[in-house]
Every structure is written in C-alpha cells, then in structure tokens.
Amino acid sequence: MVFKKMLSAFGVGGPSVDTVLANPNTRPGLTLDGNVNLVGGDAPANIEQIAIGLVTRVEIEGGDSEYAGVMEFQRMVVSGPFQLAPKQQLAIPFQLPVPWETPITDVYGQRLHGMTMGLRTELAIARAVDKSDLDQVNVHPLPVHEHILEAFQRLGFRFKHADLERGHIRGSQQTLPFYQEIEFFAGPQYAQAISEVELTFVTSPHGVEVVLECDKRGGFLSSGHDVFGRYTVSHADVDRVDWTQVVDGWLRETTSTYGNLRASSGFGAPTHGYPMHGHGHGHHGRGPGMGGVVAGAALGVAGGLIAGELIEDAFEGDDDGGDFE
C-alpha cells in the first residue's frame, strides 16, 4: 500500500485528463465550449481544482535582447475540490469567453505565420503530481478585421509575419498585456514611400482601433523612419464603406508630409497627439502601461510567463506561413 501511494505521488496510476472542444475554431468576443473529461486512477484522488486558460506565445524585450515566452491571458476555474473514485469517468462542461482583444491566428483557413494559441487544462491533485492537457485553438477574424485585411491584399500588400509584443499601446483601450502586429510588405504603388507596414487591431464590443506603423523610406536628404496612424471604426460600419478606399486613405494620410498629426475629416479620423516613439521594431508606446499592469495583476501567479519551450512543440504546423488567399 505504501508503494502504491508513492507511485501515485509520482503520477503513476493516477487520474487522467483530456479536454475536448466542441469546436476549436472561434472569434474574438465569442466562447469556446467543451468538456473536461476525467478518468480516475488506481486509487481515490482528491482533486483540488480544475482550471482552463488560453495561452499564447509572446515576444518580450529585456534589455538589449528579445525572447519568446508563453503567457496565459484568460483563465477560468471549472471545478472546485472533490474526490474522484478509482476508474470513475466524469465530464465537466465549460464555456470560456474569448476576450475581444484575442489575437487572430487564422485567416481564410490558413494559420498566420508566427502565431500559436492553445487551451491549457490544469488538474490540481492533492499530494500528487498535477496533470495538464493542451489543445490547439484557431481564432478567426471578425467581419471588420476581414474587410481590412482583404483591403490590404487588394492594394497589393503581401503578408510577411505576425507576432505578439508584450506592452501597451498608449492612449488605446487595450486591456491585455500584449498586442498583435500583422506585418505586410508594401504594395507596388506604395513601395517608393514605404517598405513595410505593421497592422494592430485593438478590438472592443463597439469597434476596433486600427494602428498602422509604416516603415517610411528615406529620401535624398532624409533618413528612413517609422510613421504612425491610429483610426477608429465601428462594427456597424462593416457593410457601409468601401474598405479598399478607406485603407488607401489611411495609408496616404499616415505617410503624408505631416504624418498622423494632419487633421482629417474623413472616415475613421486619427486620434491626435498619439504619444508613440520610434526606435526600432515593435514600439507602440512600449512599457506595461496601466492596461497591461491591471491585466497582469488580474491574472495572478498563473498569468505569469512560462518557459517558451513549453508549448513550442505542442502545436503542429504553427509555422506554415505564406499569403492568405
């Protein structure tokens, strides 16, 4: 009996956990539905807690270096303490809200190169090794995201890469401790003015803040530099406007002589006095900001960073890039 208890403490013959999603495909603002399926081990087990959480890979800058870590940004406890009998089978249903700011991982059925997203299940067992499960999640764009991405493609921009940057976009309504950058090579008609564009969505139930960072080419007497624009659109505007014309207007406005400080009376006018600073890659008002601090505090210990390798191999095919068509 003592030997069995010792084996149990090392996870041998203990309970198993397998989370099954009704559908791994979702969108910001929706839910992920599923069941946490448990099977009891060789002996009774005291389950302390079952929790699920959305995890993703985030780029973090530390000093002069940048590294990737895994961050949990949405968490829910699906069960408190109970005893699981030997070989007992139990299914615990859940509905996990997907935050409005959840980054997009898939467009037109293709994974965006650089993006990973998973649902992690944690089974905490008293006096034994905890168990976990990880399931891939695919986050598809909302209609307004889709229209804007399609407009970039129609304007000749080619998708390059997407990633998540830890930090806060100053002046935005961002609540998560990171933001997504979707990078494009400039279309031919813009190539003389800019080389690349980074697109960021800060989404809410009401609409989307669209942040553009354009890598502006240098001229005969000037060096290259980054210029920024920020525009606000409503979900209700999805079918009311010519998005190709709107995005073209944003790009021309942002890269004009006066950049994003120029007044605009057009659709999705930029917010003035946007406090950004340009020195290198991914710098949308970097630093935790109040939104990032609040979000980080709300996540608690479990919202901290975990070794970047933890989910690196858990997702298959997450590095398949290419244009989305």
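What counts and what doesn't
- Residues numbered from 1 in each chain as written.
- Predicted model: local features only at pLDDT ≥ 70, side-chain atom pairs only at ≥ 80, totals over all residues.
- Heavy atoms only, no water.
- 1 Å grid on protein atoms, 1.4 Å probe; cavity = no way out; pocket = protein on both sides within 12 Å on 5 of 7 lines; lining within 4 Å.
- Points joined across faces, edges and corners; volume = space filled by probe spheres on them.
- Helix = DSSP H or I, 4+ residues; strand = E, 2+ residues; numbered from the N terminus.
- Nonpolar A, V, L, I, M, F, W, Y, C, P; charged D, E, K, R; others polar.
- Pairing = 2+ DSSP bridges.
- Axes fitted to C-alpha atoms, helices over the stretch in contact; angles between N-to-C directions.
- Core = buried A, V, L, I, M, F, W, Y, C linked by side-chain atoms within 4.5 Å.
- Buried < 20%, exposed > 50% of the residue type's maximum accessible area, 1.4 Å probe, protein only.
- Contact = heavy atoms within 4.5 Å.
- Polar contact = N/O pair within 3.5 Å; in protein donor to acceptor, adjacent residues only side chain to side chain.

## Here's the deal with empty space enclosed by the protein
Over the atoms, a rolling probe the size of a water molecule traces out where space has been left empty.
Here's step 1: Scanning the model with the defined rule gives two cavities of 30 Å³ or more in all.
Here's step 2: The computed volume of the largest cavity comes to approximately 140 Å³.
Here's step 3: Looking at the largest cavity, it is lined by 15 residues, and the ones nearest its centre are Glu101, Thr102, Pro103, Gln180 and Phe201.
Here's step 4: For the lining of the largest cavity, the elements supplying multiple residues, two or more each, are strand S14 (178-185) and strand S15 (194-203).
Here's step 5: In terms of residue class, the lining of the largest cavity is built from nine nonpolar, five polar and one charged.

## Quick notes on the sheet that holds strand S1 (residues 16-21)
Here's step 1: Reading across the sheet, the three strands line up as S1-S3-S7 and stay open at both edges, with antiparallel pairing between neighbours. Of all the strands in the sheet, the pair left with one neighbour each is S1 and strand S7 (89-97). Strand-to-strand, the axes of this sheet are offset by a mean angle of 25 degrees, without reference to chain direction.
Here's step 2: By the bridge criterion, nine bridges tie strand S3 (residues 31-39) to S7 in an arrangement that is antiparallel. Residue Leu32 lies in a different strand from S7, and its bridge partner there is Leu96.

## Comments concerning the nonpolar core
Here's step 1: One finds Ile148, Phe152, Phe157, Leu199, Trp250 and Leu251 to be the most contacted residues of the largest nonpolar core, which totals 63 residues.
Here's step 2: Broken down by element, the residue count for this core peaks at seven residues, all from strand S4 (residues 45-62).
Here's step 3: Apart from the residues lying within four places of it in its own chain, the contact partners of Phe157 are Phe152, Phe184, Phe185, Ala186, Gly187, Tyr190, Ile194, Val197 and Leu251.

## Remarks on the side chain of Thr102
Here's step 1: Its place among the elements puts Thr102 in the loop between S7 and strand S8 (106-107).
Here's step 2: By relative accessible area, Thr102 is classed as buried at 4%.
Here's step 3: Side-chain polar atoms of Thr102 contact the backbone oxygen of Pro99, separated by 2.7 Å.
Here's step 4: Among all residues touching Thr102, those that are not within four sequence positions of it are Pro28, Phe73, Met117, Val139 and Leu176.

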